[in-house]
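Chain by chain, the residues:
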Amino acid sequence: MTQAPTPTADTVRRLVRSLLKEGGDGTAGPDVRPVTEGREYTWWVGARHVLRLAPDREASVLRRRELRLRDLVRPHLPVTVPASVAHGDWAPGLAYTLDMKMPGGTADEHDVSAVGEADLAGLLTGLRAVPARQAESLGVPRTAPRSLEALRRMAVHAAERLAAADEFDAARLHQLTPPGAAQLAAQPGTSVLTHHGLTGEHVVVSADGRVRGILEWTRAALGDPAEDIAGLALAVGSPAAVRAATLAGYGVRPCLRGLWLARCDAVIHLADHLEGRAPASLPLLRTQLRRAWEPILLERLSDFKEDEAEP
């Protein structure tokens, strides 16, 4: 397989000059710089645009599908979805998209307000309203629900390793018992379109706590809505995520399922990082662990109503 070229500032500058028609008079054109160190495939372009370059052909397929998916979901959502001003190939077979930059920070930088939680509720409601057949026609895959019991067992072992490193009280995992995990299994017929990547960096939040937009739709899938509740728990905290899901009409079971998916994931990811198996930001992983384990009012694993599985 041919090695993909590594984009440089000159590569990016030449591309954006041709797209934005700037710099043709001999000027340097817009300033370009990587969004973060070590991510040479995502670049800020001036103050108004972001350029995303696919590093391989698989990522190119996802980028092209994302363009169509964003058009599909946009009418259903109360928050902004990125708008592309140009797209094509930056190298043979390798896609790019030049998007308008969204104003605001991220959920890792700003707390979400009560009104922002309503924005997130609108996001979850809108995703549920997207016709599944239309999403499938774009190539959005269906994913099976994860086994919470299998995840629980992995998390128990990870928690013991974290306890040995004085990072976590392993006894907290005892709140989720095998019968409780079975009770929180995903119910048949609850599949919806999910963003499936609601990390803090993908939730755009303004200084007043409003959720203004959602980035990065390449991992979207038709599947368990609890996955997006779990993502929000890691991004904005468990209480805010559960309140947003409740406002969106989800009952106790999917809310608690999302909570425990997030808690198990946070424990496993931090343990993997400390053992050198998962490159990531240690402060961010610790923050996600804290957010996931914030207490909520729904933490009871009994008396679920069957009709709460799908509002």
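Residues numbered from 1 in each chain as written. Predicted model: local features only at pLDDT ≥ 70, side-chain atom pairs only at ≥ 80, totals over all residues. Heavy atoms only, no water.

A. A look at the overall build of the protein chain. Each helix and strand in the protein chain was counted, giving ten helices and ten strands. A compact globule built from 311 residues would reach a C-alpha radius of gyration of about 19 Å, and the protein chain, at 21 Å, matches this within 12%. Within the protein chain, contacts between residues separated by at least 24 positions form 74% of all contacts whose residues are at least 6 apart in sequence. Approximately 14,700 Å² of the protein chain is accessible, and the part contributed by carbon and sulfur atoms is 54%. Across the protein chain, the centroid of the 37 positively charged side chains sits 4 Å from that of the 39 negatively charged ones. (Helix = DSSP H or I, 4+ residues; strand = E, 2+ residues; numbered from the N terminus. Rg over C-alpha atoms; globule rule 2.2 N^0.38 Å. Contact = heavy atoms within 4.5 Å. Areas by Shrake-Rupley, 256 points an atom, 1.4 Å probe, with all protein chains shown as cover. Lys, Arg positive; Asp, Glu negative; His and termini not counted. Charge placed at Lys NZ, Arg CZ, Asp CG, Glu CD.)

B. Summary view of the sheet that holds strand 5 (residues 94-100). Judged by pairing direction, the sheet is antiparallel, and its five strands sit side by side in the order 1-2-3-5-4 without closing on themselves. Only two strands of the sheet have a single partner each, and these edge strands are strand 1 (32-34) and strand 4 (84-91). Sheet twist, expressed as the average angle between the axes of neighbouring strands with direction ignored, equals 25°. Where helix 2 (residues 57-73) meets the sheet, it contacts strand 3 (49-53), strand 4 and strand 5, and its direction lies at approximately 40° from that of strand 5. (Pairing = 2+ DSSP bridges. Axes fitted to C-alpha atoms, helices over the stretch in contact; angles between N-to-C directions.)

C. Quick look at the sheet that holds strand 6 (residues 105-106). Ordered in space as 6-8-9, the three strands form an open sheet in which the pairing is antiparallel. Looking at which strands have only one partner, the edges of the open sheet turn out to be strand 6 and strand 9 (211-214).

D. Structural detail: the nonpolar core. In terms of nonpolar packing, the biggest core is built from 72 residues, with Leu69, Leu120, Leu123, Leu173, Leu193, Trp217 and Val267 touching the most fellow members. In this structure Trp217 touches Glu66, Leu69, Arg70, Val73, Leu77, Val81, Pro82, Leu123, Leu127 and His195, once residues within four positions along its chain are discounted. Listed in part, the 16 residues of the second largest apolar core include Val16, Leu53, Ala86 and Leu94. (Core = buried A, V, L, I, M, F, W, Y, C linked by side-chain atoms within 4.5 Å. Buried < 20%, exposed > 50% of the residue type's maximum accessible area, 1.4 Å probe, protein only.)

E. Spatial organisation of helix 3 (residues 114-129). Over its 16 residues, helix 3 runs 23 Å from end to end, which matches the ideal 22 Å to within 8%, given 1.5 Å per residue. Those residues of helix 3 that sit buried are Gly116, Glu117, Asp119, Leu120, Ala121, Gly122, Leu123, Leu124, Gly126 and Leu127. (Expected span 1.5 Å × (residues − 1).)

F. Broad picture of the environment of Glu201. Structurally, Glu201 is set in the loop between strand 7 (192-194) and strand 8 (203-205). By relative accessible area, which is 38% here, Glu201 ends up partly exposed. Residues Glu201 and Leu297, spaced 96 residues apart in sequence, show a C-alpha to C-alpha distance of 27 Å.

G. Highlighting helix 5 (residues 148-164). Over its 17 residues, helix 5 extends 24 Å from the first C-alpha to the last, a length consistent with the 24 Å expected when each residue adds 1.5 Å. What helix 5 keeps buried is the set Leu148, Leu151, Arg152, Ala155, Val156, Ala158, Ala159 and Leu162. For helix 5, the secondary structure elements touched by its buried residues are helix 6 (178-183) and helix 9 (252-274). A positive backbone phi angle near 60° is found at Asp166, which sits one or two residues after helix 5.

H. Quick peek at the pattern of salt bridges. Under the criterion given, the structure shown has 26 salt bridges. Two residues, Arg13 and Asp10, come together in a salt bridge whose shortest N-O distance is 3.1 Å. Of this pair, Arg13 and Asp10 are both found in helix 1 (residues 9-20), three residues apart, which corresponds to roughly one turn of the helix. With relative accessibility at 45%, the residue Asp10 sits in the partly exposed group. Close ionic contact of Asp272 with Arg277 constitutes a salt bridge, the shortest N to O distance being 2.7 Å. Look at Arg277 and you get partly exposed, because its relative accessible area is 49%. Salt bridges sharing partners connect three or more residues here, namely Arg52, Arg63, Glu66, Arg70, Asp99 and Glu216. (Salt bridge = Lys/Arg side-chain N within 4 Å of Asp/Glu carboxyl O.)

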